[in-house]
Amino acid sequence: MATYLVLHGPNLNLLGTREPELYGSQTLADINAGLAEFAANVGHDVRCLQSNAEHELVDAIHAAKADCAGVLINPGAFGHTSIAIRDALLGVGLPFVEVHLSNVYAREDFRRQTYLSDIALGVITGLRANGYRYGLDYLIEATSEG
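All values reported here derive from a predicted model rather than from experimental measurement.

Another point: the overall build of the protein. When you go through the protein residue by residue, the secondary structure sums to five helices and five strands. When the elements of the protein are put in sequence order from the N terminus, they spell out β-α-α-β-α-β-α-β-β-α. For the protein, whose C-alpha radius of gyration is 14 Å, the value lies close to the compact-globule estimate of 15 Å for 146 residues. Expressed as lengths along the three principal axes of its C-alpha atoms, the size of the protein is roughly 40 × 30 × 25 Å. Among the 146 residues that make up the protein, the fraction classed as buried is 45%. Here the contacts in the protein between residues at least 6 apart in sequence split such that 77% fall between residues at least 24 apart. Within the structure as shown, the protein displays about 7,000 Å² of accessible surface, and the carbon and sulfur contribution to it stands at 50%. Computed over 9 positive and 17 negative side-chain charges, the separation of the two mean positions in the protein equals 5 Å.

What follows is the structure, encoded as C-alpha cells:
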C-alpha cells in the first residue's frame with residue numbers, strides 16, 4: 001500500500017459555490033472523499049490538504065518525501081506564480097500530476113502556462129472533479145510500474 005499526497009491550492013476551499021459554471025458543483029470535501037474511496041479500492045491511501053498559504057503547500061511537499069509515493073496537485077493560482085512550489089517538487093523528486101478543474105486554455109492568457117507543467121508526469125485540465133480521479137489513477141499506475 002502506498003500513500004499519495006493530494007494538494008489543493010488557494011480558493012479551492014470555495015468549491016461548490018465558487019463559479020460552478022467553471023469549477024463544477026462538487027465541494028472539496030466531496031472530491032477528497034471520492035479520492036479516498038478510489039484509492040482504498042485499489043489498495044492505497046491519500047492524504048489531502050488545501051491551503052491558501054504557499055508555504056503550507058511547500059512544507060507539505062517537503063514532508064511527503066518521507067512517506068508518499070507521489071503528489072497530485074491542483075496548485076490553483078499558485079501554478080502561475082509559484083517558483084517555490086516548483087522548487088519544492090523538484091527538490092523532493094517525487095513524481096506528480098498537475099490538475100486544473102477548468103480548461104485553462106479556454107480562459108485568460110495568463111492561465112495557459114504554469115511553473116509546474118513542464119516537470120509534471122502529466123497535466124489534466126478542464127475535466128472538473130473527474131480530473132482528480134484520472135490524475136490519481138495515472139499517478140498510481142506510473143509509480144507502480146517497474
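Here five strands make up an open sheet; going across it, the order is 2-1-3-4-5 and the pairing parallel. Every other strand in the sheet has two partners, leaving strand 2 (45–50) and strand 5 (122–125) as the edge strands with one partner each. Taken over all neighbouring pairs, the strand axes of this sheet differ in orientation by 15 degrees on average, direction set aside. Relative to strand 3 (residues 70–74), strand 1 (residues 3–8) is paired through five bridges, and the arrangement is parallel.

Moving on to the packing of helix 2 (residues 28–41) against helix 5 (residues 130–144). Between helix 2 and helix 5, the least distance of the axes is 10 Å, while the angle of their chain directions is 30 degrees. In terms of orientation, helix 2 lies roughly parallel with respect to helix 5. Judged by the sense of rotation from one axis to the other, the crossing of helix 2 with helix 5 is right-handed. Residues Ile31, Leu35, Phe38 and Ala39 of helix 2 pack against Tyr132, Arg133, Leu136, Asp137 and Ile140 of helix 5.

This brings us to the environment of glycine 135. Relative to the helices and strands, glycine 135 is located in helix 5. A relative accessible area of 0% places glycine 135 in the buried class. Taking the C-alpha atoms as reference, glycine 135 lies 9.1 Å from isoleucine 73; in sequence the two are 62 residues apart. Residues in contact with glycine 135, not counting those within four places in the same chain, are Leu72, Val97 and Ile124.

Looking now at the pattern of salt bridges. Within this structure, the stated rule accounts for two salt bridges. Note that arginine 47 is salt-bridged to aspartate 67, the shortest N-O span being 3.1 Å. Of this pair, arginine 47 sits in strand 2 while aspartate 67 sits in the loop between helix 3 (54–64) and strand 3, and the two are 20 residues apart along the sequence. Accessibility expressed as a relative area gives 33% for arginine 47, which makes it partly exposed. Measuring nitrogen to oxygen at the nearest pair gives 2.7 Å for the salt bridge that ties aspartate 118 to arginine 86. Residue aspartate 118 is found in the loop between strand 4 (96–100) and strand 5, and its partner arginine 86 is found in helix 4 (residues 83–92); the two are separated by 32 residues along the sequence.

Cut-offs applied
Residues numbered from 1 in each chain as written. Predicted model: local features only at pLDDT ≥ 70, side-chain atom pairs only at ≥ 80, totals over all residues. Heavy atoms only, no water. Helix = DSSP H or I, 4+ residues; strand = E, 2+ residues; numbered from the N terminus. Rg over C-alpha atoms; globule rule 2.2 N^0.38 Å. Buried < 20%, exposed > 50% of the residue type's maximum accessible area, 1.4 Å probe, protein only. Contact = heavy atoms within 4.5 Å. Areas by Shrake-Rupley, 256 points an atom, 1.4 Å probe, with all protein chains shown as cover. Lys, Arg positive; Asp, Glu negative; His and termini not counted. Charge placed at Lys NZ, Arg CZ, Asp CG, Glu CD. Pairing = 2+ DSSP bridges. Axes fitted to C-alpha atoms, helices over the stretch in contact; angles between N-to-C directions. Parallel < 35°, antiparallel > 145°, perpendicular 65-115°, else oblique. Left-handed = near helix turned anticlockwise from the far one by under 90°. Salt bridge = Lys/Arg side-chain N within 4 Å of Asp/Glu carboxyl O.

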